[in-house]
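# Breakdown of the fold
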Amino acid sequence: MDIQYSLYNLTPKKRANRLSSLEPKTGVYLRAKVGEEYVFADYFPYSVFGDKPIDLFLQTFKYQDEVYDRKVFHLLKKDVEYKNTPSTPFRNHQLWTGIESLKSPIIKYKILDQYDTLFLELLKKGLRIRFDGNACFTRKTYEAFVKQIPKEYLSLIDYMEDPLKTTDWSGLEFKSARDFVSGGPYDYWIYKANAEFFPKASVPIIFSGYIGSELGFWHAYSELIELGSLKLTHGLIIEDFYENQRQLFIGDYHRTFVPDMNAVKNMYQELYLKEWKTLCWI
């Protein structure tokens, strides 16, 4: 398979997490031809989580020596199917950073530091919260964080992703969700469909967008429809995160979302029109 590539840039309007910045980010699209049809995939690295920079990814992609590389190649081959993923309703929580209007009964909130209290206004409104701890706590600071939450609101916390810096998550107040940290025990698996393969897990698997290009979100949605549970509320939609971001999904946080198929069509048309360079043969 002859692989080609094309670089792209995204300018964030807000930080993805406490470790990220507002600097423009670079990703890369890959393209190949299957029969008479071009297929596409996306690589969008986060260095804070150990992803290879773009130049190293391009140098080593042909060796397929890392999981993220292999998943990108897998999605490239699956794109011939995913272009025709049916329009299927799914439920999604809202990512809230403190500046967006509240639209959802279930909010994902990324904790910026151990003294963060902005989320308390959500609990006072009776909204459910899914914390993303990004491993910012020690056990001691985790316990201090919990103590600042009035007891009558504790039942509104669904879980906390990556709650501790260490991997021993036993005896914690909230349910835990595994994301980037291989800790446990955990009650949920936060699944990055763009960067890893679907896990064999006995806990609920929450699909999460990798906050890259629209193509990455489309592929994550397509895999959700193929492999995931539509009974769960997922985290694929990230609204108005980048400058000039196209919204691929339309709907309501209180009910369901579906793809905007015109937006998906336009996304693929723009990919066809990009300038491409030869990368390698696999």
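This report concerns the structure included in the present document. (Residues numbered from 1 in each chain as written. Predicted model: local features only at pLDDT ≥ 70, side-chain atom pairs only at ≥ 80, totals over all residues. Heavy atoms only, no water.)

### Details of the sheet that holds strand β1 (residues 2-10)
Strand order in this open sheet of 4 strands is β3-β2-β1-β15, and the pairing throughout is antiparallel. Because the sheet does not close on itself, it has two edges, and the strands there are β3 (37-43) and β15 (277-281). Here the average twist between neighbouring strands, direction ignored, is 35 degrees. Bridge count for β1 against strand β2 (residues 25-34) is 7 bridges, and the pairing is antiparallel. Note that in β2 the partner of Tyr8 across the bridge is Gly27. In the packing of helix α2 (residues 67-82) onto the sheet, the strands contacted are β1, β2 and β3, and the crossing angle to β3 comes to about 150 degrees. Relative to β3, helix α5 (residues 214-227) is tilted by about 100 degrees, and along the sheet it contacts β2 and β3. (Pairing = 2+ DSSP bridges. Helix = DSSP H or I, 4+ residues; strand = E, 2+ residues; numbered from the N terminus. Axes fitted to C-alpha atoms, helices over the stretch in contact; angles between N-to-C directions. Contact = heavy atoms within 4.5 Å.)

### As for the nonpolar core
In terms of nonpolar packing, the biggest core is built from 58 residues, with Ile3, Leu30 and Phe61 touching the most fellow members. If near-sequence neighbours (up to four positions away) are discounted, Ile3 is found in contact with Leu30, Arg31, Ala32, Phe61, Phe73, Leu76, Lys277, Thr278, Leu279, Cys280 and Ile282. Listed in part, the 28 residues of the second largest apolar core include Leu122, Leu127, Phe137 and Phe145. (Core = buried A, V, L, I, M, F, W, Y, C linked by side-chain atoms within 4.5 Å. Buried < 20%, exposed > 50% of the residue type's maximum accessible area, 1.4 Å probe, protein only.)

### Observations concerning the packing of α5 against helix α6 (residues 261-273)
Interhelical geometry of α5 versus α6 gives an angle of 125 degrees and a closest axis separation of 10 Å. It follows that α5 is oblique to α6 by the angle criterion. The way α5 lies across α6 gives a crossing that is left-handed. Listed contacts from α6 to Glu214, Leu215, Trp218 and His219 of α5 are Met261, Val264, Met267, Tyr268 and Leu271. Split by residue class, the contact of α5 with α6 holds 7 nonpolar, 1 polar and 1 charged. (Parallel < 35°, antiparallel > 145°, perpendicular 65-115°, else oblique. Left-handed = near helix turned anticlockwise from the far one by under 90°. Nonpolar A, V, L, I, M, F, W, Y, C, P; charged D, E, K, R; others polar.)

By themselves, these are just geometric observations and shouldn't be taken as functional.
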